[in-house]
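# Structural features, examined
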There are 2 protein chains.
Amino acid sequence: MAKRAIPDIVIGRLPVYLRALNFLVAEGRQVTSSQELGDRLGISSAQIRKDLSHFGEFGKQGTGYDIAFLRQQLSEILKVNRMWDVALVGAGNLGKAIADYPGFVGKGFNIIAIFDNDPAKIGQIMGINHVTVQPVEELERTLRERGIVVGIIATPAEHAQAIARTMVEGGVKAILNYAPITIMVPPGVHVQYIDPVVGLQRMTYYLA
Amino acid sequence: MAKRAIPDIVIGRLPVYLRALNFLVAEGRQVTSSQELGDRLGISSAQIRKDLSHFGEFGKQGTGYDIAFLRQQLSEILKVNRMWDVALVGAGNLGKAIADYPGFVGKGFNIIAIFDNDPAKIGQIMGINHVTVQPVEELERTLRERGIVVGIIATPAEHAQAIARTMVEGGVKAILNYAPITIMVPPGVHVQYIDPVVGLQRMTYYLA
DNA sequence: TAGATTGTTAATCGATTAACAATC
DNA sequence: TAGATTGTTAATCGATTAACAATC
């Protein structure tokens, strides 16, 4: 009998909880409550308690949650208490900014390979890990050889679907897609989108 | 009697529909159906029809939707059939990549002011609109003077809340926040988040 | 202890889907 | 016309919330 799957929407909130806990740690705080977290995140305390209850009992009645402990637990649940090797495709302005972004450090991700199709880019050393840009023809083989299962797409929209396909063939199971296009992948492969235009357009509806 | 508000979750999908329609136009297509759109986006055709039905009748039985027409209608609904002036705060690596990003062109947004607190950055000319970076002290006044209601935060996390507050005081009603922290804003101010770490951590749970 | 807060239940609320009459 | 697809209804499904016993 399979355990009932935990809803995607619950999984989706855990990284946000984790981010808030990191911030509280940085503030030097020791203990928090579902009420305080909810106030900070703009969601109800009941929802936070319910979400956490899918995974176990992490708090103490009357006291709340030990911040460091809950952070550790959430890291384990999300499997980010270890490092995931990441391949980045696209070494243009956007790809370079991603490779240089310091925010991945300590969050479970490490960009260890970068690919581009522009001869001028290939061979350049890029990003906080000083990775040499490889030709995109080497993508699939490199993914396999290094056992990489997480990919980031930072190419123009017209190449995103083809790159996604190659990534999947190379064994990638999770894709962060910065290209402004919905990509199709087989079942079992996960995709998340980063599209600032979508973010902005979600708000203009409400403006005068 | 107030019209029943359209659910946020419906509004949130419209930019994704719009993105798909833009892609179909680029492919030279004229007509599509809820079925085809749904297949491309990985959602049900019924949901697309239901979502659109909140706003009117845009299709023809037996035929489907005229792509250019539906695109125009969605642009109007989302109020992106005009240009929104945008202020960007943070002119570091990330801010520079945002200012240089060509994807805002033709999507309703125009970065017309950039701010930073680093004297080395102030005075630099940056981005596809060749904007001169201003000191952050001028943020609130500039927002007011130019009637800017859309802001982008690309500062380190520790400054994001203060910048958000200044933006709100300057009249901003929609904030796209790249800083990895949840910010608190008054009712009526909208926030969307761009956090690649959250995107990646939402997927690792499902990996082996 | 008294006060606070959890974890959980049951009720409410809202979103999605299936199905089909209408009609192009 | 015959075939296709919309817009909409009602049913289903799932998520959120309120409330509170348990207990630190």
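The structure presented is a predicted model; accordingly, all values stated were derived computationally and were not measured.

Rules behind the numbers
Residues numbered from 1 in each chain as written. Chains lettered and ligands numbered in written order. Predicted model: local features only at pLDDT ≥ 70, side-chain atom pairs only at ≥ 80, totals over all residues. Heavy atoms only, no water. Phe/Tyr/Trp six-rings, centres within 6.5 Å; stacked < 30°, edge-to-face > 60°. Buried < 20%, exposed > 50% of the residue type's maximum accessible area, 1.4 Å probe, protein only. Lys NZ or Arg CZ within 6 Å of the ring centre and 35° of its normal. Helix = DSSP H or I, 4+ residues; strand = E, 2+ residues; numbered from the N terminus. Contact = heavy atoms within 4.5 Å. Near = heavy atom within 4 Å. Polar contact = N/O pair within 3.5 Å; in protein donor to acceptor, adjacent residues only side chain to side chain. Axes fitted to C-alpha atoms, helices over the stretch in contact; angles between N-to-C directions. Left-handed = near helix turned anticlockwise from the far one by under 90°. Nonpolar A, V, L, I, M, F, W, Y, C, P; charged D, E, K, R; others polar. pLDDT = per-residue confidence, 0-100. Buried area = accessible area lost by both parts, 1.4 Å probe. Salt bridge = Lys/Arg side-chain N within 4 Å of Asp/Glu carboxyl O. Least-squares fit on C-alpha atoms with pLDDT ≥ 70 in both.

Attention now goes to the packing of aromatic side chains. Counting across every chain of the model gives six aromatic pairs over all chains. Geometrically, the ring pair formed by Y101 of chain A and F104 of chain A is edge-to-face, given 5.3 Å between the ring centres and 80 degrees between the ring planes. Classification of Y101 of chain A as buried rests on a relative accessible area of 14%. Centre to centre, the rings of Y205 of chain A and Y206 of chain A are 5.0 Å apart; their planes meet at 90 degrees, and the pair counts as edge-to-face. Residue classification places Y206 of chain A among the partly exposed residues on the basis of a relative accessible area of 30%. Members of the aromatic cluster, joined through ring pairs, are F55 of chain A together with Y205 and Y206 of chain B. Its end group placed over the ring of Y205 of chain B, K79 of chain A keeps NZ or CZ at 5.6 Å from the ring centre.

The next point concerns the environment of F115 of chain B. Residue and element names in this part refer to chain B. Tracing the sequence through the fold places F115 in strand β5 (residues 109-116). Under the relative-accessibility criterion, F115 is labelled buried at 0%. Separated by 19 residues in sequence, F115 and Q134 have C-alpha atoms that sit 4.7 Å apart. Those residues in contact with F115, other than ones at most four positions away along the chain, are A87, L88, V89, G90, A91, V133, Q134, P135, V136, E138, L139 and T142.

Our next topic: the protein's contact with DNA strand D. The immediate surroundings of DNA strand D are formed by 25 residues, with S34, R49, F58, G59 and Y65 of chain B found nearest. Each atom of DNA strand D within 4 Å of the protein was assigned to sugar, phosphate or base; sugar and phosphate come to 64%. A distance of 3.0 Å is found between a phosphate oxygen of DNA strand D and a side-chain nitrogen or oxygen belonging to R13 of chain A. Note that a phosphate oxygen of DNA strand D is positioned 2.8 Å from one of the side-chain N or O atoms of Y65 of chain B. Elements with a contribution of two residues or more to the surface near DNA strand D: α1 (8-26) and α3 (45-53) of chain A together with α3 (45-53), β2 (59-60) and β3 (64-66) of chain B.

Moving on to the packing of helix α1 (residues 8-26) of chain B against helix α4 (residues 67-77) of chain B. Residue and element names in this part refer to chain B. At a minimum axis separation of 10 Å, α1 and α4 run at an interaxial angle of 145 degrees. Remark: the crossing between α1 and α4 carries left-handed chirality. When α1 is examined against α4, the residues L14, Y17, L18, L21, N22, L24 and V25 are found in contact with a partner set consisting of I67, L70, R71, L74, S75 and I77. In terms of residue class, the contact of α1 with α4 is built from ten nonpolar, two polar and one charged.

With 99% of its residues at a pLDDT of 70 or more, chain A has an overall mean of 97. No element of chain A has a lower mean pLDDT than helix α5 (residues 93-100) of chain A, at 97, and none a higher one than strand β8 (residues 150-153) of chain A, at 99.

Facing 57 residues of chain A, the contacting portion of chain B comprises 57 residues. Three residues, R19, Q201 and Y205 of chain A, lead the burial of chain A against chain B; their summed loss comes to 14% of the area buried on that side. The interface formed by chain A and chain B includes two salt bridges. R19 of chain A is paired through a salt bridge with D195 of chain B; the nearest N and O atoms lie 2.9 Å apart. Taken together, chain A and chain B are joined by 16 residue pairs in polar contact (both at pLDDT 80 or more). At the level of elements, α1, α2 (34-41), α5, β9 (174-177), β10 (190-193) and α8 (196-204) of chain A are the ones that each hand at least two residues to the side of chain A that touches chain B. Per-element accounting of the side of chain A that touches chain B gives the leading share, nine residues, to α8 of chain A. Partitioning the side of chain A that touches chain B into residue classes produces 37 nonpolar, nine polar and eleven charged.

Each copy superposes on the other: chain A lies on chain B with an RMSD of 0.0 Å after a rotation of 180 degrees and an axial shift of 0.0 Å. Expressed as an axis order, the relation between the two copies is that of a two-fold axis. Most of the interface of chain A is mirrored in chain B, where 100% of its interface residues again form contacts.

Glancing now at unusual backbone geometry. Its identity is not glycine, yet K79 of chain A carries a phi of approximately 65 degrees, on the positive side. Looking at the element boundaries, K79 of chain A is found in the loop between α4 (67-77) and β4 (84-89). Look at K79 of chain A and you get partly exposed, because its relative accessible area is 26%. Within the chain, H130 of chain B stands out as a residue other than glycine whose phi angle is a positive 55 degrees. Counting through the fold element by element, H130 of chain B comes out in the loop between β6 (125-126) and β7 (131-135).

Take D100 of chain A: it is sitting in helix α5. A polar side-chain atom of D100 of chain A sits 3.5 Å from the main-chain amide nitrogen of G127 of chain A.

Moving on to the environment of P7 of chain A. Within the fold, P7 of chain A resides in the segment before α1. The spacing of P7 of chain A and G90 of chain A is 83 residues in sequence and 33 Å in space, taken between C-alpha atoms.

What follows is about the environment of G170 of chain B. All names here are of chain B. By the element assignment, G170 lies in the loop between α7 (157-169) and β9 (174-177). Put simply, G170 and R141 are 29 residues apart on the chain and 6.8 Å apart in space, counted from C-alpha to C-alpha. Ignoring sequence-local partners within four residues, the contact set of G170 consists of E140, L143, R144 and I148.

Turning to the pattern of salt bridges, a few remarks are in order. Across all of its chains, the model carries 16 salt bridges over all chains by this definition. In this structure, K96 of chain A and D100 of chain A form a salt bridge, with 2.9 Å as the shortest nitrogen-oxygen distance. You can see K96 of chain A and its partner D100 of chain A sitting in helix α5, four residues apart, about one turn around the helix. Residue class for K96 of chain A comes out partly exposed when judged on its relative accessible area of 40%. Residue D100 of chain A is classed as buried on the basis of its relative accessible area, which comes to 18%. Between R144 of chain B and E140 of chain B there is a salt bridge, with its nearest N and O atoms 2.4 Å apart.

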